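# Remarks on the overall topology
Letter by letter, the chains look like this.
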Amino acid sequence: SQQGEEDPQALSIQEGENATMNCSYKTSINNLQWYRQNSGRGLVHLILIRSNEREKHSGRLRVTLDTSKKSSSLLITASRAADTASYFCATDAWGGSEKLVFGKGTKLTVNP
Amino acid sequence: DTAVSQTPKYLVTQMGNDKSIKCEQNLGHDTMYWYKQDSKKFLKIMFSYNNKELIINETVPNRFSPKSPDKAHLNLHINSLELGDSAVYFCASSHPEASGGVRNEQFFGPGTRLTVL
């Protein structure tokens, strides 16, 4: 069954606001990654958080990981219209083969 | 230069035809993947190759046959196309497994939108 589940499925905010997306998963992981997909384009890696890390920052992105709850969140601060995209979490299962299992994604719309 | 490239970008064909999608990466990665993204944006892995060897085959119908002539290329051939094969197909590549068993991010191509009529 699907490993990652993001919520909300869709999120619409105004420029300058913060956007928070959540991801839940089911099995033990090596790491959890967040990707972004602009409409009609490929996925772009944003940030990777390892299973022994709890929080990570990259520019306006902040990712948290709670392995006890099997959940992660992605926070985008001071959002811009250019942040409009779909965001996916992907998990790399511990002891598994080299594959990522993706969630269904959160479609973020940032209104100017 | 595009790190992971795919051709063609769009492919429209009739049911029953055979078609191929090509993928090349110039990142020096050992591992390459094919993913299928359906109309609901759900992305699912199909195959993975490491150094030209198949390591993941996610119960994909055997009408789909990946071919890796060298570690920089992973092509996907599809026989007897069906309506349900319509989707966007993404190629990706990644670094070899890092020390300590912790793997790294994947780099995706721009996708090939396949439409079967």
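All of these numbers come straight from a predicted model, not from anything done at the bench.

Taken together, the 27 residues of chain B in the interface contact 24 residues of chain A. Where chain B abuts chain A, roughly 2,000 Å² becomes buried across the two surfaces, and 50% of that area is made up of carbon and sulfur atoms. Across the contact surface, chain B and chain A share zero salt bridges. Taken together, the links from chain B to chain A amount to two residue pairs in polar contact (both at pLDDT 80 or more). The set of elements that each furnish at least two residues to the side of chain B that touches chain A consists of strand S4 (31–37), strand S5 (43–50), strand S6 (53–57), strand S9 (87–94) and strand S10 (106–108) of chain B. Looking at side-chain class alone, the side of chain B that touches chain A contains 11 nonpolar, 10 polar and six charged residues.

What follows covers the sheet that holds strand S1 (residues 4–7) of chain B. Residues and elements named next belong to chain B. The strand order across the open sheet formed by four strands is S1-S3-S8-S7, and the pairing between neighbours is antiparallel. Strand pairing shows two members of the sheet lacking a second neighbour, S1 and strand S7 (64–70), which therefore form its edges. Each strand of the sheet is rotated relative to its neighbour by a mean of 20°, with strand direction disregarded.

A word on the sheet that holds strand S1 (residues 5–7) of chain A. Two pairing modes exist for strands in a sheet, parallel and antiparallel, and in both the strands are linked by backbone hydrogen bonds. Residues and elements named next belong to chain A. A sheet is described by the order of its strands in space; here five strands give the open sequence S1-S3-S8-S7-S6, paired in antiparallel fashion. Since the sheet does not close on itself, it has two edges, and those belong to S1 and strand S6 (55–58), each with one partner. Neighbour-to-neighbour, the strand axes of the sheet open up by a mean angle of 15°, direction not taken into account. Examined bridge by bridge, S1 and strand S3 (residues 19–24) share three bridges and lie antiparallel to one another. Along S3, the bridge assignment pairs aspartate 7 with asparagine 22.

Roughly 340 Å³ of internal volume is contained in the largest pocket. Elements represented by at least two residues in the lining of the largest pocket include exactly strand S9 (85–93) and strand S11 (106–111) of chain A. Here the lining of the largest pocket is composed, by residue class, of two nonpolar, nine polar and five charged. In this model, the second largest pocket occupies a volume close to 180 Å³. Forming the walls of the second largest pocket are 13 residues, and the residues nearest its centre are Lys36(B), Lys44(B), Ile45(B), Met46(B) and Val60(B). Here the lining of the second largest pocket takes three residues from S5(B), the largest share from any one element. Each residue belonging to the lining of the second largest pocket can be placed in one class, and the counts come to six nonpolar, one polar and six charged.

It is worth spelling out unusual backbone geometry at this point. Residue and element names in this part refer to chain B. Cis rather than trans, the peptide bond between threonine 7 and proline 8 has omega equal to -5°. Tracing the sequence through the fold places proline 8 in the loop between S1 and strand S2 (10–13). For asparagine 51, which is not glycine, the phi torsion reads 50° and is therefore positive. As for its position among the elements, asparagine 51 is in the loop between S5 and S6. Overall, asparagine 51 belongs to the partly exposed group, its relative accessible area being 40%. Backbone geometry places serine 80, a non-glycine residue, at a positive phi of 45°. On the secondary structure map, serine 80 appears in the loop between strand S8 (73–78) and S9. By relative accessible area, which is 38% here, serine 80 ends up partly exposed.

Bringing the side chain of Gln33(A) into the picture now. Along the chain, Gln33(A) falls in strand S4 (residues 29–37). Judged by relative accessible area, Gln33(A) falls into the buried class, the value being 0%. Within the local environment of Gln33(A), its side chain forms a polar contact with the side chain of Tyr35(A), the two groups lying 2.6 Å apart. Setting aside residues up to four positions removed in sequence, Gln33(A) forms contacts with His45(A), Ile47(A), Leu48(A), Phe88(A), Cys89(A), Ala90(A), Leu100(A), Asn104(B), Glu105(B) and Gln106(B).

Residue and element names in this part refer to chain B. Along the polypeptide, asparagine 75 turns up in strand S8. Within the structure, asparagine 75 has its side chain in polar contact with the backbone nitrogen of cysteine 23 (distance 3.3 Å). Excluding its chain neighbours within four sequence positions, the residues that come into contact with asparagine 75 are Ile21, Lys22, Cys23, Trp34, Ser65, Pro66, Lys67 and Pro69.

Thresholds applied
- Residue positions are given per chain, counted from 1 along the sequence in the order it is written.
- Throughout, the order in which chains and ligands are written sets their labels, letters from A for the former and numbers from 1 for the latter.
- Only residues with pLDDT of 70 or above have their local features reported here, since the model is predicted, and side-chain atom pairs are shown and tallied only from 80 upward, although totals for entire chains, interfaces and linings are computed over all residues.
- Side-chain calculation: all heavy atoms of the structure are included, whereas hydrogens and water are not.
- Contacts are assigned to residue pairs with any non-hydrogen atoms lying within 4.5 Å of each other.
- Take the accessible area each of two parts loses on contact, using a 1.4 Å probe, and add the two losses: that sum is the buried area.
- Here a salt bridge means any side-chain nitrogen of Lys or Arg lying within 4 Å of a carboxyl oxygen belonging to Asp or Glu.
- Polar contact is defined as a pair of N or O atoms within 3.5 Å, subject to the rule that within protein one atom must be able to donate a hydrogen and the other to accept it, and that residues adjacent in sequence are counted only when both atoms are side-chain atoms.
- Numbering of helices and strands starts at the N terminus; helices are DSSP runs of H or I of at least 4 residues and strands are runs of E of at least 2.
- Ten residues, namely Ala, Val, Leu, Ile, Met, Phe, Trp, Tyr, Cys and Pro, are considered nonpolar, four, namely Asp, Glu, Lys and Arg, are considered charged, and the remaining ones, Gly among them, are considered polar.
- Following DSSP output, two strands are said to pair if at least two bridges run between them.
- Fitting a line to C-alpha atoms yields each axis, with helices limited to the stretch in contact; the angle taken between N-to-C directions then spans 0 to 180 degrees.
- Any residue with an atom within 4 Å of a point lines the site, the site being either a cavity, points on a 1 Å grid over the protein atoms alone where a 1.4 Å probe fits but cannot get out, or a pocket, an open set with protein on both sides within 12 Å along at least 5 of 7 lines.
- Grid points are joined across faces, edges and corners, and a volume is the space filled by probe spheres set on the points.
- Residue exposure (1.4 Å probe, protein chains only): buried if accessible area is under 20% of the type maximum, exposed if over 50%, otherwise partly exposed.

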